[in-house]
Amino acid sequence: MPEPLLEFAGVGYAWPGAAPLFSGLDLRIAAGEKVVLLGPNGAGKSTLLRLANGLLAPSAGCVRWQGRTLDAASLRQRDFARAFRRDNVLLFQHPEAMLFNPTVHDEIAYGPRQLGLAGVEARVARWAGELGLDGLLDQPPYALSGGQKQKLALACLLALDPQFLALDEPTASLDPRTVGWLIDTLLESGKTLLVSTHNLSLAAELGERALVLGDAGRLLYDGPLAPALADLELLQAAGLAHRHRHRHAGVAHAHLHAHDWESS
Ligand SMILES: Nc1ncnc2c1ncn2[C@@H]1O[C@H](COP(=O)(O)OP(=O)(O)OP(=O)(O)O)[C@@H](O)[C@H]1O
Ligand SMILES: [Mg+2]
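Summarised in this report is the structure supplied together with it. Note that the structure is a prediction, hence the values are computed from the model and not measured.

So, on to the pairing of strand E7 (residues 164-168). Along E7, five of the five residues are buried, which leaves the element largely enclosed by surrounding structure. Side chains Phe164, Ala166 and Asp168 of E7 all project onto a buried face; the interleaved residues Leu165 and Leu167 project onto the opposite face, where all are buried too. Where strand E6 (residues 88-91) and E7 come together, four bridges link them in parallel fashion. When the sheet's bridge partners are listed, Val89 is paired in E7 with Leu165.

Glancing now at the sheet that holds E6. Taken in spatial order, the six strands line up as E6-E7-E8-E3-E9-E10 in an open sheet, and their pairing is mixed. Two strands in the sheet have a free side with no partner beyond their single neighbour: E6 and strand E10 (219-224). Geometrically, the sheet is characterised by an average inter-axis angle of 15 degrees between neighbouring strands, direction not taken into account. Helix-sheet contacts for helix H3 (residues 78-87) involve E6 and E7, and the interaxial angle to E6 is about 45 degrees.

What follows concerns the nonpolar core. Phe8, Leu48, Ile108 and Leu194 are the most contacted members of the largest nonpolar core, which totals 68 residues. If you tally residues by element for this core, the top one is helix H6 (residues 146-158), at seven residues. Non-local contacts of Phe8, meaning those with residues more than four positions away in its chain, are made with Leu25, Asp26, Leu27, Leu48, Leu51, Ala52, Cys62 and Val63. With 14 residues, the next largest nonpolar core counts Ala210, Leu225, Leu229 and Leu240 among its residues.

Those protein atoms acting as donors to the magnesium ion (ligand 2) are Ser46 (OG) and Gln93 (OE1), and they sit at 2.1 to 2.2 Å. Of the two residues, Ser46 sits in helix H1 (residues 45-52) while Gln93 sits in the loop between E6 and helix H4 (104-114), which places them 47 residues apart along the sequence. Exposure remark for Ser46: the relative accessible area of 22% places this residue in the partly exposed category.

Summed over the entire model, instances satisfying the criterion amount to six aromatic pairs. Judged by centre distance (5.6 Å) and plane angle (80 degrees), the ring pair of Trp65 and Phe84 falls under edge-to-face. Linking Trp65 in strand E4 (residues 60-65) with Phe84 in helix H3, this pair joins segments that are 19 residues apart in sequence. Each of the two residues, Trp65 as well as Phe84, counts as buried. Feature note: the residues Trp65, Phe80, Phe84 and Phe164 constitute an aromatic cluster, connected by ring pairs. Sitting above the plane of the Phe80 ring, Arg68 keeps its charged end 4.4 Å from the centroid.

Glancing now at the environment of Leu220. Note on placement: Leu220 falls in strand E10. Put simply, Leu220 and Ala238 are 18 residues apart on the chain and 8.6 Å apart in space, counted from C-alpha to C-alpha. Beyond its immediate stretch of four places on either side in the chain, Leu220 contacts Val212, Leu213, Gly214, Leu234 and Ala237.

To continue, consider the site of ligand 1. Neighbouring ligand 1 are 13 residues; Gly42, Lys45, Ser46, Thr47 and Gln93 lie closest to it. Measuring from an oxygen atom of ligand 1, one finds a side-chain N or O atom of Gln93 at 2.9 Å. A distance of 3.2 Å is found between an oxygen atom of ligand 1 and a side-chain nitrogen or oxygen belonging to His198. Surface burial for ligand 1 is 60%, taken as the share of its 630 Å² of free accessible area covered by protein chains. Of the residues that constitute the shell around ligand 1, the class distribution is four nonpolar, seven polar and two charged.

Our focus in this paragraph is the pattern of salt bridges. Taken as a whole and judged by the stated rule, the model has eight salt bridges. Between Glu130 and Arg126 there is a salt bridge, with its nearest N and O atoms 3.6 Å apart. With Glu130 and Arg126 both in helix H5 (residues 120-130), this residue pair falls four residues apart, about one helical turn. Among the ionic contacts, a cluster of salt bridges with common partners joins Glu7, Arg28 and Arg64.

Relative to the helices and strands, Tyr13 is located in strand E1 (residues 4-13). In this structure Tyr13 comes out as buried when scored by relative accessible area, which is 8%. Remark: the alpha-carbon pair of Tyr13 and Phe92, spanning 79 residues in sequence, is separated by 19 Å. The residues touching Tyr13, leaving out its near neighbours within four places in the chain, are Pro20, Leu21, Phe22, Thr47, Leu51, Leu56, Ala57, Pro58 and Ser59.

Attention shifts here to the sheet that holds E4. Across the sheet, four strands lie side by side as E2-E1-E4-E5; this open sheet has antiparallel pairing. Two strands in the sheet have a free side with no partner beyond their single neighbour: strand E2 (22-30) and strand E5 (68-69). In this sheet, E2 lies alongside E1 in antiparallel orientation, the contact comprising six bridges. Across the sheet, Leu6 pairs through a bridge with Ile29, a residue of E2. Against the sheet, H1 contacts E1, E2 and E4, and its axis sits at roughly 120 degrees relative to E1.

Cut-offs and rules
Residues numbered from 1 in each chain as written. Chains lettered and ligands numbered in written order. Predicted model: local features only at pLDDT ≥ 70, side-chain atom pairs only at ≥ 80, totals over all residues. Heavy atoms only, no water. Buried < 20%, exposed > 50% of the residue type's maximum accessible area, 1.4 Å probe, protein only. Helix = DSSP H or I, 4+ residues; strand = E, 2+ residues; numbered from the N terminus. Pairing = 2+ DSSP bridges. Axes fitted to C-alpha atoms, helices over the stretch in contact; angles between N-to-C directions. Contact = heavy atoms within 4.5 Å. Core = buried A, V, L, I, M, F, W, Y, C linked by side-chain atoms within 4.5 Å. Donors = N, O, S within 2.8 Å, 3.2 Å for Na, K, Ca; no water. Phe/Tyr/Trp six-rings, centres within 6.5 Å; stacked < 30°, edge-to-face > 60°. Lys NZ or Arg CZ within 6 Å of the ring centre and 35° of its normal. Near = heavy atom within 4 Å. Polar contact = N/O pair within 3.5 Å; in protein donor to acceptor, adjacent residues only side chain to side chain. Areas by Shrake-Rupley, 256 points an atom, 1.4 Å probe, with all protein chains shown as cover. Nonpolar A, V, L, I, M, F, W, Y, C, P; charged D, E, K, R; others polar. Salt bridge = Lys/Arg side-chain N within 4 Å of Asp/Glu carboxyl O.

Following this line, the structure appears as structure tokens:
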């Protein structure tokens, strides 16, 4: 494997007052990889993405970005922090938490301005246009619909032209047309992706590699996506398939089922 862009080396993490979530977590993501992060509610997907984005610090081991340990000291170094914040971005699971500017225009312009990037207005125009937000540029973000907020949060990240995007359930409130646009945009961009989702169709289209977390942060699988999506037992452990009781011709029996992937 080439030199990783992002590396977790023996990472441990526990939320205050809670049992350890991760311990000894090792994973490496190379530039250009498209990784899908699967796991049931509470497995630790959002926590892992926050560790990857330097928002949380591991309690053991370390997270490295381009070979450099992410810690309070490196993130205080102006040049490193600036490049890291441009190149490694996180879409929150609840993107309204990211939105605080008075208008949609200012929200998209904020990151590029803060980071001193060139062509701020062109970036705003491009990504507002791509995401169909151009008629809403003067609106306050709080006045947008849930899906429009998610689009705005995406526009804010894409306007930075980052190398690596960590996306936490990015399609939760997007309509299918926008989901299709997002998949095409991300795949054409050649960017490195780490995307958490419960949506198996999205996973299948977007990812090449799957990370599957089981209950309490245990990494159950790290490998090619296709075999993971064909493994119903693994999908069940990831909260993506479940045993269902069906009645066929008056006879009840249990089926292992992955919704949104199979119709039987
Ligand atoms: N801010 C927090 N403070 C304390 N505990 C937290 C916090 N955020 C998450 N946790 C705990 O960490 C564990 C993992 O949560 P996390 O949000 O990472 O899971 P997830 O896989 O993203 O779940 P979901 O599919 O519901 O989004 C859970 O047990 C949760 O209760
Ligand atoms: Mg989550």
